[in-house]
Amino acid sequence: VATMLTGLYSPRHGVLSIGGHRLHPDAVTLATRLTAAGYHTIAEVTGPLGRESGLDRGFAEYEVRTASVYLTDSWGRDLIARLGRGTLPEPWFLFLHLWELHSPRKVLAPYRHRRFGATRYDRALASLDATLAPLLDALPSDTVVLLHGDHGERLMASTLAYRWYRLRRDLLGAGRTRKLEGHETDVYEDLVRVPLAIVAPGRLPPGARVDQLVRQVDVTPTVLDLLALPVPAGLDGVSVLPAIR
């Protein structure tokens, strides 16, 4: 996330892992650049993105919620209502960080069926799709939206071997068994090949698909380029707009 919000790789922005690291004093965030350009900047975050990380730098509003508070809860309903009222100072930038696909994964009642996926993760993803719909509907029609998964998830098939693995972890504890699923274990395709969808009405052609490699470090220069703001020299990332066009 620090890489996404600075356009720098971790040796330069200073956040080398989850916890215990803070954004380098010289790292300029996307929020700082947008604030300077006249944007009202807002972050709604959870998990490891607390203020101690330094990722609040440049945001006019930086709200950290408990990880188990999801978009379907009162917090999410209030956020959607706020967006729908159109009362945010314009122009505005919102960084919205969601936790629904982490444990405990939230599966809404209508999606607790195998037709929505073979695993609880799949069904949580289907639930999240439905949950995002009213939020997107609340946005002004000219809003630029970047939808991104910051990491993938290693899943194990629900076999007898998997049930035995889960039983051992439950009985012996996570500290005494090797973790075989999740997103902290390796850098295989399941974890690093993640979705990035951009909607920019009147600015980008709808339906375009980029097959070449793009990176999380490209997010900040891409946002600046989309908003016709200067992309500073010296970033590790580049705008992906030329690839799209």
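Our subject is the structure listed above.
Residues numbered from 1 in each chain as written. Predicted model: local features only at pLDDT ≥ 70, side-chain atom pairs only at ≥ 80, totals over all residues. Heavy atoms only, no water.

**What about the environment of Gly38?**
Following the sequence through the fold, Gly38 ends up in the loop between helix 3 (30–36) and strand 1 (40–45). Judged by its relative accessible area of 47%, Gly38 falls in the partly exposed class. For the pair Gly38 and Trp92, spaced 54 residues apart in sequence, the C-alpha separation works out to 8.5 Å. (Helix = DSSP H or I, 4+ residues; strand = E, 2+ residues; numbered from the N terminus. Buried < 20%, exposed > 50% of the residue type's maximum accessible area, 1.4 Å probe, protein only.)

**Side note on the sheet that holds strand 2 (residues 61–64)**
What the 3 strands build is an open sheet, ordered 2-1-3; its pairing is parallel. The open sheet has two free edges, formed respectively by strand 2 and strand 3 (92–96), since each of these has just one partner strand. Looking at each pair of strands side by side, their axes are set apart by 10 degrees on average, direction ignored. Across 4 bridges, strand 1 lies against strand 2 in parallel orientation. By the bridge assignment, Val45 is partnered in strand 2 with Val64. In the packing of helix 4 (residues 74–85) onto the sheet, contacts are made with strand 1, strand 2 and strand 3, and the angle to strand 3 comes to roughly 160 degrees. (Pairing = 2+ DSSP bridges. Axes fitted to C-alpha atoms, helices over the stretch in contact; angles between N-to-C directions. Contact = heavy atoms within 4.5 Å.)

**Focus: the pairing of strand 1**
Within strand 1, 6 of the 6 residues are buried, leaving the element largely enclosed by the surrounding structure. Residues of strand 1 alternate between two faces, with His40, Ile42 and Glu44 on one and Thr41, Ala43 and Val45 on the opposite face, all of them buried. Here strand 1 runs beside strand 3; their pairing, made up of 5 bridges, is parallel. Paired with Glu44 across the strands is Leu96, a residue of strand 3.

**Quick notes on the side chain of Thr131**
Following the sequence through the fold, Thr131 ends up in helix 5 (residues 120–137). Among the polar contacts listed, one links the side chain of Thr131 to the backbone oxygen of Ser127, at a separation of 2.8 Å. (Polar contact = N/O pair within 3.5 Å; in protein donor to acceptor, adjacent residues only side chain to side chain.)

**So, the nonpolar core**
Considering soluble globular proteins, one finds that nonpolar side chains tend to be buried as a cluster. In terms of nonpolar packing, the biggest core is built from 24 residues, with Leu34, Phe59, Tyr62, Phe93 and Phe95 touching the most fellow members. Counting only elements with at least two residues in this core, the list comes to helix 1 (2–6), helix 3, strand 1, strand 3 and helix 8 (219–226). Apart from the residues within four sequence positions on either side, Tyr62 is in contact with Ala43, Val45, Leu49, Gly50, Arg51, Leu55 and Asp56. In terms of nonpolar packing, the next biggest core, distinct from the first, is built from 20 residues, Leu71, Ile80, Tyr121 and Leu132 among them. (Core = buried A, V, L, I, M, F, W, Y, C linked by side-chain atoms within 4.5 Å.)

**Overview of the packing of aromatic side chains**
By convention here, two paired aromatic rings are described through the distance between centres and the angle between planes. Counting across every chain of the model gives 3 aromatic pairs. Taking 4.8 Å as the distance between ring centres and 65 degrees as the angle between the ring planes, the aromatic pair formed by Tyr111 and Phe116 counts as edge-to-face. Relative accessible area serves as the criterion here: at 27%, Phe116 is assigned to the partly exposed category. Joined through ring pairs, the aromatic side chains of Phe59, Tyr62 and Phe93 make up one cluster. Over the ring of Trp75 we find Arg65, and its NZ or CZ is 3.8 Å from the ring centre. (Phe/Tyr/Trp six-rings, centres within 6.5 Å; stacked < 30°, edge-to-face > 60°. Lys NZ or Arg CZ within 6 Å of the ring centre and 35° of its normal.)

**With respect to the environment of Arg120**
Within the fold, Arg120 resides in helix 5. The partly exposed category is assigned to Arg120, whose relative accessible area is 47%. As for Arg120 and Glu63, which are separated by 57 residues in sequence, their C-alpha atoms are 28 Å apart. Discounting residues that sit within four places of it in the chain, Arg120 has contacts with Arg105 and Val107. Looking at Arg120, its side chain comes within polar contact range of the main-chain oxygen of Arg105, at 2.7 Å.

Nothing here speaks to function; it is all geometry.
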